[in-house]
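Read off the chains here:
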Amino acid sequence: MRLAPMAAIAVLTFCAVSCGKRGREDGAAPTPRAGFSWPAMGTVAEFEAAGDPAMAARMRNVVADAFTEVEEELSLFLTNSVVSRLNHGETVEVPENGHAATVIGFALETAEVSGGAFDPTVGPLMRIWGLRGGGGALPPLNVISNTLASVGWWRVRLVPAGQGRVRISARGAEIDLGGIAKGYAVDLAVNRLAEAGRTDFLVNLGGNIRVHGAPATGRADWNIAVRDPSGRRPPSPLPRHLRSGEAVATSGSYERFVEINGKRFSHIIDPRIGTPVDNDLASVSVIAPSAMMADAYSTTLFVLGGKAGAAFLAARPGCTAAFIKR
Ligand code: AMP
Ligand code: MG
């Protein structure tokens, strides 16, 4: 059994092609840029900004604080997080516009419109497949079906509690926001910087990227490439450049997986059947108007596969997908 380290994802998955061409196209002085990289939320965070490096360092601190704040509330592993309290059977009351209500609300909405391909209650299935450590053996069929009995997004209740608050419970189920929370954290960071009047930067948390402003003087949009999962081909550019405010997320089977009897099993589960996704896709990237949407939809499309995934996305304005086959 092997779980690939999360830390590899951000650095290896993406390559902002704009990095290689930061100067003005008329040959004038290049735009100064600063880049930072640090561990956050079990993966690698990256921040890149044009302009004064001291200001960029202060902006990076805003991003890091936003990530810490989201982690404290939504982590599966921190005992006092809202998610841990829900998973211990508590009913939790939180602000309706806060982190937990926003992310769980959008996770449930995505679960419903995807017919359960995206499901924030996959946790117990992750465990029986050894995707949370341990494991190393195929779970017997009866274990899969018994576990499926405790999986289902409809068990999670999110109801208004008045005065701008909501009440959330997850009776008999377990919440796992691994497929969506990083994207939300990126949005929080980008929005805080934008509200403070900052511009011309990129935030990346484990392959969940959002841009704001321009990558360099004289360039309006961001050219981002996705690493070829097999390593056989050069990074492939996304179907289009990102405009200011847009996001892209990639889900794949190649960097986080468990190996059982020599076969690799993806860390993305098909909750409809209780097994890791095993289709012809190596990765899916989704461009969307927000990083939370890109994150949730890239996980969804990886489960749905190319054809159903493309149909799902066609109904969502501002979203574009790129599939890389195995
Ligand atoms: P991502 O890398 O964003 O595609 O998310 C993968 C993570 O989301 C996994 O590590 C699990 O924590 C969680 N997850 C796995 N399968 C699903 C699913 N079908 N729906 C929602 N979350 C999932
Ligand atoms: Mg995701």
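All of these numbers come straight from a predicted model, not from anything done at the bench.

Asks: Mind showing me how you'd approach the side chain of R33 here?
Replies: Secondary-structure assignment places R33 in strand β2 (residues 33-40). The class for R33 is buried, based on a relative accessible area of 16%. Here the side chain of R33 touches E48 through a polar contact of 2.9 Å, side chain to side chain.

Asks: Which parts of the structure should I look at to understand the nonpolar core?
Replies: Nonpolar side chains in soluble globular proteins generally cluster together in the buried interior. Of all hydrophobic cores here, the largest spans 67 residues; its most connected members are F47, F67, L177 and I180. A per-element tally of this core places helix α8 (residues 291-314) first, with 11 residues. Each residue touching F47, except ones within four places of it in the same chain, is listed here: A34, G35, F36, W38, A56, M59, R60, V63, L193, F201, L202 and V203. With 12 residues, the next largest nonpolar core counts I209, L242, A282 and I287 among its residues.

Asks: Honestly, the coordination of the magnesium ion (ligand 2) in this entry has me stumped. Any pointers?
Replies: In a perfect tetrahedron of four donors around a metal, the angles come out at 109.5 degrees. In a perfect octahedron of six, they are 90 or 180 degrees. Summarising the metal site, the magnesium ion (ligand 2) is bound by the protein donors G179 (O), D295 (O), D295 (OD) and T299 (OG1), whose distances to it range over 2.0 to 2.5 Å. Here the donor residues for the magnesium ion (ligand 2) map to a single chain with the spacing G-x115-D-x3-T. Taken as a pair, D295 and T299 lie in helix α8 at a separation of four residues, close to a single helical turn. There is no split in this pair, since D295 and T299 are both buried.

Asks: So what exactly am I meant to see when it comes to the packing of aromatic side chains here?
Replies: The description of an aromatic ring pair rests on the distance of the ring centres and on the angle between the ring planes. Under the counting rule described, the total for this entry stands at seven aromatic pairs. For the pair W129 and F265, a centre-to-centre distance of 5.3 Å together with 40° between the ring planes defines the contact as tilted. Here the residue W129 occupies a position in the loop between α5 (123-128) and α6 (141-148), and F265 occupies one in strand β13 (residues 263-266), the gap between them amounting to 136 residues. There is no split in this pair, since W129 and F265 are both buried. Relative to W154, the ring of W153 lies with its centre 6.0 Å away and its plane at 80°, an arrangement referred to as edge-to-face. Among the aromatic residues, ring-to-ring pairing joins F36, F47 and F201 into one connected group. Cation over ring: R60 sits above W38, and NZ or CZ is 4.3 Å from the ring centre. Its end group placed over the ring of F312, R316 keeps NZ or CZ at 4.0 Å from the ring centre.

Asks: What am I meant to see in the site of ligand 1 here?
Replies: Around ligand 1, the surrounding shell holds 18 residues, and the nearest of these are D119, S251, I269, D295 and T299. In the environment of ligand 1, an oxygen atom lies 3.3 Å from a nitrogen or oxygen atom belonging to the side chain of R132. For ligand 1, an oxygen atom lies 2.9 Å from a polar atom in the side chain of D295. Burial of ligand 1 by the protein chains amounts to 93% of its free accessible area of 500 Å². Considering each element in turn, the shell around ligand 1 owes the most residues, three residues, to α8.

Asks: I keep staring at the pairing of strand β6 (residues 165-169) and nothing clicks. Help me out?
Replies: Regular strands place their side chains on alternate faces of the sheet. Two strands pair when backbone bridges link them, and strand β4 (residues 92-95) and β6 are joined in this way by four bridges, in the antiparallel orientation. Opposite V94, over in β6, you have V166 as the bridge partner. Inspection of the sheet shows strand β5 (residues 157-162) paired to β6 by five bridges, in the antiparallel sense. Opposite P160, over in β6, you have V166 as the bridge partner. Turn length for the β5-β6 hairpin, with the two strands adjacent in sequence and antiparallel, is two residues, and the turn residue Q163 shows positive phi of about 50°.

Asks: Teacher, can you tell me more about unusual backbone geometry here?
Replies: For Q163, which is not glycine, the phi torsion reads 50° and is therefore positive. Examined against the element boundaries, Q163 turns out to sit in the loop between β5 and β6. Relative accessible area serves as the criterion here: at 82%, Q163 is assigned to the exposed category. Of note, the phi angle at D200 is positive, near 60°, even though the residue is not glycine.

Asks: Is there a simple way to think about the confidence of the model for the protein chain in this case?
Replies: Interpretation of this model should avoid reading the predicted coordinates in detail wherever pLDDT is low. Looking at the protein chain as a whole, its pLDDT mean stands at 88, while 90% of the residues score no less than 70. Taken as a whole, residues 1-27 scores under 50 in pLDDT and shows 77 contacts with residues more than four places along the chain or in a different chain.

Rules and cut-offs
- Residues numbered from 1 in each chain as written.
- Chains lettered and ligands numbered in written order.
- Predicted model: local features only at pLDDT ≥ 70, side-chain atom pairs only at ≥ 80, totals over all residues.
- Heavy atoms only, no water.
- Helix = DSSP H or I, 4+ residues; strand = E, 2+ residues; numbered from the N terminus.
- Buried < 20%, exposed > 50% of the residue type's maximum accessible area, 1.4 Å probe, protein only.
- Polar contact = N/O pair within 3.5 Å; in protein donor to acceptor, adjacent residues only side chain to side chain.
- Core = buried A, V, L, I, M, F, W, Y, C linked by side-chain atoms within 4.5 Å.
- Contact = heavy atoms within 4.5 Å.
- Donors = N, O, S within 2.8 Å, 3.2 Å for Na, K, Ca; no water.
- Phe/Tyr/Trp six-rings, centres within 6.5 Å; stacked < 30°, edge-to-face > 60°.
- Lys NZ or Arg CZ within 6 Å of the ring centre and 35° of its normal.
- Near = heavy atom within 4 Å.
- Areas by Shrake-Rupley, 256 points an atom, 1.4 Å probe, with all protein chains shown as cover.
- Pairing = 2+ DSSP bridges.
- pLDDT = per-residue confidence, 0-100.

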